[in-house]
Amino acid sequence: MITYAQAYKLLYYNFGQVVYTVPNFLYIGLSSQNPGKAGTNAIEPTGGNYARVQYSNTSSAYWSEPINGVMHNSNAITFQTSSEPWGTMTYVFIADSLTGGNILYYEALNTPMYVDVNTTVQFLPAALEISIVNPEA
C-alpha cells in the first residue's frame, strides 16, 4: 500500500505543484504492527542487530519493470542476522531514511514471522510487490 506521504509527493509532482526529488537510497524495514496509511505506526525491532536494509535507488537493477502498475524486487533483500529475538514481524515497508524519515510503501506479510535469535530474514526476488493501482470494484 502507498502511504499518504508518498501519494502526496506523486500527486503534487504529476500535477505540476512541486518538483519531486527521488531519494538516492531507499530502505526496507520490518514492523510488528501495521504502519498505516499515515506511515507513522510502524514498530520496528530495537537492538538485536536490527537495521533497515539500504539499497541504491539510482539504478533499475533493484526492481522489475512495471507491468500493469506492479513492480517486484529483482534481487534478494537480506537483513543482518538477529543477535537476539526481534519478535513477531507482520509488515514490511520501504522508507526514505535509515532511521525515522517517511514510510513510502508498506504491506502485510503473507504469514507473520517470528524472528528468534540467529535468524536471517530474507525476501527472495519477486517476493515484494509495489503496486499503484485502484482496487477492482
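As the structure is a prediction and not an experimental result, all values here were calculated from the model.

**Comments concerning the confidence of the model for the protein**
So, step 1. Here the protein shows a mean pLDDT of 92. Residues at 70 or above account for 98%.
So, step 2. Mean pLDDT per element in the protein: strand β8 (residues 129-131) is the minimum at 86, and strand β5 (residues 87-95) is the maximum at 97.

**A few points about unusual backbone geometry**
Residues apart from glycine generally show negative phi values, whereas peptide bonds are mostly found in trans.
So, step 1. Positioned with a positive phi, Asn 68 is a non-glycine residue whose angle comes to about 55°.
So, step 2. Along the chain, the position of Asn 68 falls in the loop between β2 (53-56) and β3 (70-72).

**Things to note about the sheet that holds β5**
So, step 1. An order of β2-β1-β5-β6 is seen for the four strands of this open sheet, with the pairing classed as antiparallel. Strand pairing shows two members of the sheet lacking a second neighbour, β2 and β6 (103-115), which therefore form its edges. Within this sheet the neighbouring strands show an average axis-to-axis angle of 25°, counted without direction.
So, step 2. Summarising the sheet, strand β1 (residues 25-31) and β2 pair through four bridges and their orientation is antiparallel. Bridging across to β2, Ile 28 finds its partner in Val 53.

Parameters at a glance
Residues numbered from 1 in each chain as written. Predicted model: local features only at pLDDT ≥ 70, side-chain atom pairs only at ≥ 80, totals over all residues. Heavy atoms only, no water. pLDDT = per-residue confidence, 0-100. Helix = DSSP H or I, 4+ residues; strand = E, 2+ residues; numbered from the N terminus. Pairing = 2+ DSSP bridges. Axes fitted to C-alpha atoms, helices over the stretch in contact; angles between N-to-C directions.

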